[in-house]
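As a plain string of letters, each chain reads:
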Amino acid sequence: MCLTDKNIKYKNIYINLNTPKCMDDPYCADNAYDSWLVNHNWEPYVYLNYVNETKNKLKLVILGLSLLVLIILGGAVYFINKRYLLNPIHQLIDNVIKVAKGNFDTTIDNTRDDEIGRLAQNFNYMTDEISAAYQQLEAYNQKVTALNTNLEYQAYHDPLTELPNRKKFKEKLDTVLA
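The rules behind each value
Residues numbered from 1 in each chain as written. Predicted model: local features only at pLDDT ≥ 70, side-chain atom pairs only at ≥ 80, totals over all residues. Heavy atoms only, no water. Helix = DSSP H or I, 4+ residues; strand = E, 2+ residues; numbered from the N terminus. Buried < 20%, exposed > 50% of the residue type's maximum accessible area, 1.4 Å probe, protein only. Contact = heavy atoms within 4.5 Å. Areas by Shrake-Rupley, 256 points an atom, 1.4 Å probe, with all protein chains shown as cover. Expected span 1.5 Å × (residues − 1). Phe/Tyr/Trp six-rings, centres within 6.5 Å; stacked < 30°, edge-to-face > 60°. Salt bridge = Lys/Arg side-chain N within 4 Å of Asp/Glu carboxyl O. Patch = residues over 30% accessible without salt bridge, like charges linked within 9 Å, V, L, I, M, F, W, Y side chains within 5 Å. Core = buried A, V, L, I, M, F, W, Y, C linked by side-chain atoms within 4.5 Å. pLDDT = per-residue confidence, 0-100.

Novice: Is there a simple way to think about the overall build of the chain in this case?
Specialist: A tally of regular secondary structure across the chain gives four helices and two strands. If you list the helices and strands of the chain from N to C, you get β-β-α-α-α-α. For the chain, with 178 residues in total, the buried portion stands at 16%. Restricting the contact set of the chain to residue pairs at least 6 apart, pairs at least 24 apart contribute 30%. In the structure as shown, the chain presents an accessible area of about 14800 Å², 60% of it carried by carbon and sulfur atoms.

Novice: Sorry, what's going on with helix α3 (residues 115–156) here?
Specialist: Helical periodicity: at 3.6 residues per turn, an α-helix aligns residues three or four positions apart in one direction. The end-to-end C-alpha separation of α3 is 60 Å, in line with the 62 Å expected for 42 residues at 1.5 Å each. Of the residues making up α3, those classed as buried are Ile116, Gly117, Ala120, Phe123, Asn124, Thr127, Ser131 and Tyr156.

Novice: Help me out: how do you make sense of the packing of aromatic side chains in this one?
Specialist: Each aromatic ring pair is specified by the distance between its two centres and by the angle formed by the two planes. The full count for this structure, using the stated rule, is two aromatic pairs. Aromatic pair Tyr78 and Phe79: ring centres 5.2 Å apart, planes at 70°, arrangement edge-to-face. Using a relative accessible area of 45% as the deciding quantity, one classes Tyr78 as partly exposed. Ring geometry for Phe104 against Tyr134: centres 5.1 Å apart, planes inclined by 50°, an arrangement best described as tilted. Taken together, the positions of Phe104 in the loop between α2 (44–100) and α3 and Tyr134 in helix α3 put the pair 30 residues apart, joining distant regions of the chain. Judged by its relative accessible area of 40%, Tyr134 is partly exposed.

Novice: Any chance you could explain the pattern of salt bridges here in plain terms?
Specialist: Evaluated as defined, the whole model comprises one salt bridge. With a shortest N-O distance of 2.5 Å, Asp114 and Arg112 are connected by a salt bridge. Residue class for Asp114 comes out partly exposed when judged on its relative accessible area of 27%. For Arg112, a relative accessible area of 24% translates into the label partly exposed.

Novice: Just to check I follow, could you spell out helix α4 (residues 166–177) for this structure?
Specialist: A rise of 1.5 Å per residue sets the reference length of α4, with its twelve residues, at 16 Å; its end C-alpha atoms lie 16 Å apart and thus fit the reference within 8%. Along α4, only zero of the twelve residues are buried, which leaves the element largely exposed.

Novice: What should I look at first to understand a nonpolar patch on the surface in this one?
Specialist: A cluster of nonpolar side chains, contributed by Leu58, Val61, Ile62, Leu65, Leu68 and Ile72, occupies part of the molecular surface with about 580 Å² of accessible area. Mapped onto the secondary structure, Ile72 falls in helix α2. We classify Ile72 as exposed; its relative accessible area is 54%.

Novice: Sorry, what's going on with the nonpolar core here?
Specialist: Soluble, globular proteins show a tendency: their nonpolar side chains are buried together. Counting six residues, the largest nonpolar core is built from Leu92, Val99, Phe104, Ile108, Ala120 and Phe123. For Leu92, the residues in contact, after removing those within four places along its chain, are Ile108, Leu119 and Phe123.

Novice: Could you clarify how one ought to interpret the side chain of Asn124 in this entry?
Specialist: Within the element layout of this structure, Asn124 appears in helix α3. Judged by relative accessible area, which is 14%, Asn124 ranks as buried. Beyond its immediate stretch of four places on either side in the chain, Asn124 contacts Thr107 and Ile108.

Novice: Help me understand the side chain of Asn95, please; the structure alone is not making it clear to me.
Specialist: Its place among the elements puts Asn95 in helix α2. If sequence neighbours within four positions are ignored, Asn95 has contacts with Thr106, Thr107, Ile108 and Phe123.

Novice: What should I look at first to understand the confidence of the model for the chain in this one?
Specialist: Should pLDDT be low for a region, the predicted coordinates there are not to be read in detail. Per-chain confidence: the chain averages 78 in pLDDT, with 74% of residues scoring 70 or above. The spread of mean pLDDT over the elements of the chain runs between helix α1 (residues 29–39), the lowest at 48, and α3, the highest at 91. Across residues 1–5, confidence stays below pLDDT 50; counting only partners more than four residues off in sequence or on other chains, it has ten contacts. Every residue in residues 31–39 scores below 50 in pLDDT, and together they form 20 contacts with partners more than four places removed in sequence or on other chains.

What follows is the structure in structure tokens.
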């Protein structure tokens, strides 16, 4: 290969083909490019193709590493969302099911100051209100049951003598004869 004293322009890149400063030293930095071309019997355009191929391979490696980093970051975002967003929502769903089954003493530990924390706070308030209303309903039901028992006694017994009246006698006779 014959190297001349001129520059070659390839895709806006100038390649210096001038004679190296240290011709006798094979390890000289100025001689490295020319000796590499001479030793491999490559013309400058072949070297430029090699550089372009290497550049394309480097682009693929960078693209692959970028995709790997993107996948790792996506996984990290998923696990952070799962821990801080989805787990409290699943806990809320489980506690709603418990309340639906009648366990009104269910509460959610609330340590957050965001929307999910407010939702947990309102859920706890709701269960307290439902529990209080349920207890009032139970107390009212006990009073109604006591009044019904008293009314039933008065319906079957004479108020003056406290003896069973005809209605009670007729019911007992019907049950015995049936």
